[in-house]
Amino acid sequence: MEKSVVVLCLLLFSAYSYVSAHNYSPKTLVSTVSKNPILPIFTFTLNKNQEFFIHIGGPYLVRKCNDGLPRPIVPCDSPVCALTRGVSPHQCPLPTNTVINGVCACQATAFEPFQRLCNSDQFTYGDLSISSLNPISPSVTFNNVYYLCIPKPFLVDFPPGVFGLAGLAPTALATWNQLTRPRLGLEKKFALCLPSDENPMNKGAIYFGGGPYKLRNIDARSMLSYTRLIRNPRKLNNYFLGLKGISIKGKRILLAPNAFDFDRNGDGGVTLSTVFPFTMLRSDVYKVFIEAFAQATSDIPRVISTTPLEFCLKSTTNFQVPRIDLELADGVIWKVSPANAMKKVSDDVACLAFVNGGDAAAQAVVIGLHQMENTLVEFDVGRSAFGFSCSLGLVNASCGDFQTRA
C-alpha cells in the first residue's frame, strides 16, 4: 500500500467536523446491515424485525406473502402497473394480469438471482417502517409502499429470517425511491457500508435520503470521491460507471480501446452488483489483468487455486500485493486496497478476488461485494453520481462504527 493513499485518507478523516446527535437531520433514515452466514448476501431491517436482501439490481420491493389474506389491488390500467412493465426483469417473460373480485389486478415479476428463477404474482401496497436518526421519532412508518407479493416457495432456498428482496435499482418503484418522498425533504439517494467477513458479528449501515453519515464523531460524507452514473437504456435496472482503464502498481494494463464500451444491445460496460461475491471481468479483460498481476507479484510464491478464485499466493506476516486502481471516466481513481483485492482463504493463502466471467459475459466488468466491503458507497440517483470512500481500514475504522440508532 502506498503511503500517499493512507496519508490522504487520514487527512480527510481528521478534517471532518464533529456531528452531535441533536444536529442530525430528522429526515435521515437508517438500518443496520448484516452479512448472512448462509448465502453470500447482505440484509437490512424493515418493520422492526424483517430482514430484506439488499439487491441494487432489483426494480422494486419483493415480500413473502403466505397468510392468504386479500391485499389491495393495483389496477391493470394504472400508471403504477405500467411502471412495473417498464422495469420487469429482462431475464423473465412479462406476466399476465389476473382478475380479483371482478377487477383487473396488476401482476409483476421477480427474478431470484441465485437459483435464477422467475415468479409472478400480485403487485400491491401496504405499510413499511424503518428506523430514523431523529431521537424524537426513532421510527418512521410509510403508507402505501408498493411491493410484489410472492409466495414462500419462490424464496425457498433463502436463509431463515430473510423476508424478501429490497430492490434498490435506479427505478421509480425501487425501495429507496419510495422511502425518499419529496414532502419529507429527503434527497434521492442511499448509501451503503457493507461489513467485511473478517468477523461474522460485524455490522454495517444503510442510509436513505442523505446524510450526515456519522462515523464515530465525524461526518463521513467528506471521505467520498464522486464519479458519474451512466444510464444504459437497454439495462434500466443497473447502475453503470464509466471506466477508462485498470492499473496495477501504477501501470495501466493494455486493453482494447473499446473494452469497456456498450454494444448495440446494451451489453458491455461496467456495473455494480450485490449478487456477485467477487468482481467479474469478461475474459478478454481478465486474461490481461491476471497476466499483469502475475508479473507484479512474481516474487511471491504461487499456490494451488481455490474455486472460483484462480490466482492464489502464499501469504506471510509481511505479505504485500500491488495496488489496483480503477481509472474512472472523469479522472477519479478508485483505489482498491489489498484487503478488497485479496480474499484470505486460509492462514497462509490469499487469492485475488476477481473472477473470469467468460467470453459471453453480459458486462465487461461487474464490481462485486468483496470490493465494496468496509467502504462507504453512495448512490446519489438524483444527481446521477456515485460516491465511494477509501477502505475504512486505512483509518482504523469499520462499517460497524457508523451510527445506526438515534
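Structure shown above.
Residues numbered from 1 in each chain as written. Predicted model: local features only at pLDDT ≥ 70, side-chain atom pairs only at ≥ 80, totals over all residues. Heavy atoms only, no water.

**Remarks on the sheet that holds strand E26 (residues 349–352)**
- Read from one edge of the open sheet, four strands run E21-E22-E26-E25, paired in antiparallel fashion. Sheet topology places strand E21 (302–303) and strand E25 (342–346) at the edges, where each strand pairs with a single neighbour.
- Looking at chain direction, E21 and strand E22 (residues 312–314) are connected through two bridges and run antiparallel. Across the sheet, residue Arg 302 finds its bridge partner in E22, namely Leu 313. (Pairing = 2+ DSSP bridges. Helix = DSSP H or I, 4+ residues; strand = E, 2+ residues; numbered from the N terminus.)

**Points about the packing of aromatic side chains**
- Going through the model one piece at a time under the given rule, you end up with 20 aromatic pairs.
- Considering the side-chain rings of Phe 190 and Phe 379, the 4.8 Å spacing of their centres and the 10° angle between planes classify their relative orientation as stacked. Of this pair, Phe 190 sits in strand E11 (residues 190–193) while Phe 379 is found in strand E29 (residues 376–380), placing the two residues 189 residues apart along the sequence. Here Phe 190 matches Phe 379 in class, with each residue buried.
- Centre to centre, the rings of Trp 334 and Phe 386 are 5.7 Å apart; their planes meet at 40°, and the pair counts as tilted. (Phe/Tyr/Trp six-rings, centres within 6.5 Å; stacked < 30°, edge-to-face > 60°. Buried < 20%, exposed > 50% of the residue type's maximum accessible area, 1.4 Å probe, protein only.)

**Focus on the state of the cysteines**
- On inspection of all chains with the given rule, the structure shows six disulfides.
- Between the sulfur atoms of Cys 76 and its disulfide mate Cys 104 the distance is 1.9 Å. The chirality of the disulfide connecting Cys 76 with Cys 104 is left-handed, given an S-S dihedral of about -90°. Here Cys 104 lies in strand E6 (residues 103–105) and Cys 76 lies in the loop between strand E4 (61–64) and helix H2 (79–86), a separation of 28 residues in the sequence.
- Taking relative accessible area as the criterion, Cys 104 reaches 34% and is therefore assigned partly exposed.
- Note that Cys 92 is cross-linked by a disulfide to Cys 118, the S-S spacing being 2.1 Å. Taking the sign of the S-S torsion, about -85° here, the bridge from Cys 92 to Cys 118 comes out left-handed. Of the two residues, Cys 92 sits in the loop between H2 and strand E5 (98–100) while Cys 118 sits in strand E8 (residues 117–132), which places them 26 residues apart along the sequence. (Disulfide = S-S within 2.5 Å.)

**Comments concerning the sheet that holds strand E17 (residues 243–248)**
- Here we have four strands laid out as an open sheet, ordered E18-E17-E23-E24, and antiparallel in their pairing. The two strands at the open ends of the sheet, each matched to only one other strand, are strand E18 (251–252) and strand E24 (333–336).
- Taken together, the two bridges between E17 and E18 define a ladder with antiparallel strand orientation. Paired with Ile 248 across the bridge in E18 is Lys 251.
- This element, helix H4 (residues 283–296), spans E17 and strand E23 (324–328) of the sheet and lies at about 30° to E17. (Contact = heavy atoms within 4.5 Å. Axes fitted to C-alpha atoms, helices over the stretch in contact; angles between N-to-C directions.)

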